[in-house]
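Residue strings, one per chain:
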Amino acid sequence: MNYEIVENPSGDTYRHLIQMLCQHSDRFYFITRKELKYNKKILKQFNPFIIEKYKTKEWANTITLGPAATVYVIDVNEDTCRLLQNLAQSLYDWQAPELPEDLTFIKNDFEWFTCTTHEEFAMFSIRSEFYLNLVKQLPGLKLTILE
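Counted according to the given criterion, the structure contains 11 aromatic pairs. Aromatic side chains F28 and F46 sit 6.3 Å apart centroid to centroid with 80 degrees between the ring planes, which places their arrangement in the edge-to-face category. One end of the pair, F28, is in strand β2 (residues 27-33); the other, F46, is in helix α2 (residues 40-46), and 18 residues separate them in sequence. You can call F28 buried: its relative accessible area is 0%. With relative accessibility at 1%, the residue F46 sits in the buried group. Three or more aromatic residues joined by ring pairs form one cluster here, namely F28, F30, F46, Y72, W94, F105, W112, F113, F124, F130 and Y131. The ring of F110 carries R127 above its face, with NZ or CZ at 3.6 Å from the centroid.

Set out below in structure tokens:
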């Protein structure tokens, strides 16, 4: 089942969301696009945790006709979780010119949380009751089922 986030999670809701995603994911990624500018100091903070970096024209929920984007696959740990929580006040803050875009969280090679920030779209792909309960217990998070 797929569940869309209906309202931009911000403040405590955002921090709880990131905490839960970090606790139940192996890694995450975000992207940068050649045609946009990003805060290099912020990107540099993730450097020690990068597992893989590659270029592609296709990633979660997106296929671009323009130049390839750079995907940064990052290890989930206390440091990266703290960075995600402290660098933004809401989920859709993750976009140029300050922050990289399209946070996606992965567990066992399955993208279970995807986000297309500039379109203010985020969703969970839930395959078990366990993960559904985790998501439903997040205070302040508003969801709707995607058909």
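With that settled, the discussion passes to the sheet that holds strand β3 (residues 50-56). Spatial strand order, β3-β6-β2-β7-β8-β9-β1-β10: 8 strands in an open sheet with antiparallel pairing. On the outer flanks of this sheet lie β3 and β10 (143-146), each paired with one strand and no other. The mean inter-strand angle of the sheet, taken between neighbouring strand axes irrespective of direction, is 20 degrees. Relative to strand β9 (residues 121-125), strand β1 (residues 2-5) runs antiparallel, the two sharing 3 bridges. In the sheet register, E4 faces β9, and the bridge partner there is M123. Strand contacts of helix α1 (residues 11-23): β1, β7 (101-107), β8 (110-116) and β9, with the helix running at about 40 degrees to β7, the strand carrying the most contacts. With respect to the sheet, helix α4 (residues 129-136) is in contact with β1, β7, β8, β9 and β10, its orientation differing from that of β8 by roughly 35 degrees.

What follows concerns the nonpolar core. L84, L91, F105 and F124 are the most contacted members of the largest nonpolar core, which has 40 residues in total. Element by element, the count of residues in this core is highest for α1, at 6 residues. Those residues in contact with L91 that lie beyond four places of it in its chain are I5, N8, P9, Y14, L17, L103, F113, C115, T117 and A122. Core analysis: the second largest hydrophobic core is formed by 8 residues, W59, A60, A69 and I106 among them.

The next subject is the packing of α1 against helix α3 (residues 78-87). Contact pair α1 / α3: the axes reach a minimum separation of 9 Å and the direction vectors enclose 160 degrees. If you check the angle between α1 and α3, you find them roughly antiparallel. As for the relative orientation of α1 and α3, their crossing is right-handed in sense. Residues Y14, R15, I18, Q19 and C22 of α1 touch α3, and the partners they reach there are C81, L84 and Q85. Tallied by class, residues from the contact of α1 with α3 come to 5 nonpolar, 2 polar and 1 charged.

The next thing to look at is unusual backbone geometry. Omega for the bond connecting A96 with P97 falls within 30 degrees of zero, at 15 degrees, which places this linkage in the cis form. With respect to the secondary-structure elements, P97 resides in the loop between α3 and β7. Here D102, not a glycine, exhibits a phi torsion of approximately 60 degrees, which is positive. Take D102: it is sitting in strand β7.

Cut-offs applied
- Residues numbered from 1 in each chain as written.
- Predicted model: local features only at pLDDT ≥ 70, side-chain atom pairs only at ≥ 80, totals over all residues.
- Heavy atoms only, no water.
- Phe/Tyr/Trp six-rings, centres within 6.5 Å; stacked < 30°, edge-to-face > 60°.
- Helix = DSSP H or I, 4+ residues; strand = E, 2+ residues; numbered from the N terminus.
- Buried < 20%, exposed > 50% of the residue type's maximum accessible area, 1.4 Å probe, protein only.
- Lys NZ or Arg CZ within 6 Å of the ring centre and 35° of its normal.
- Pairing = 2+ DSSP bridges.
- Axes fitted to C-alpha atoms, helices over the stretch in contact; angles between N-to-C directions.
- Contact = heavy atoms within 4.5 Å.
- Core = buried A, V, L, I, M, F, W, Y, C linked by side-chain atoms within 4.5 Å.
- Parallel < 35°, antiparallel > 145°, perpendicular 65-115°, else oblique.
- Left-handed = near helix turned anticlockwise from the far one by under 90°.
- Nonpolar A, V, L, I, M, F, W, Y, C, P; charged D, E, K, R; others polar.

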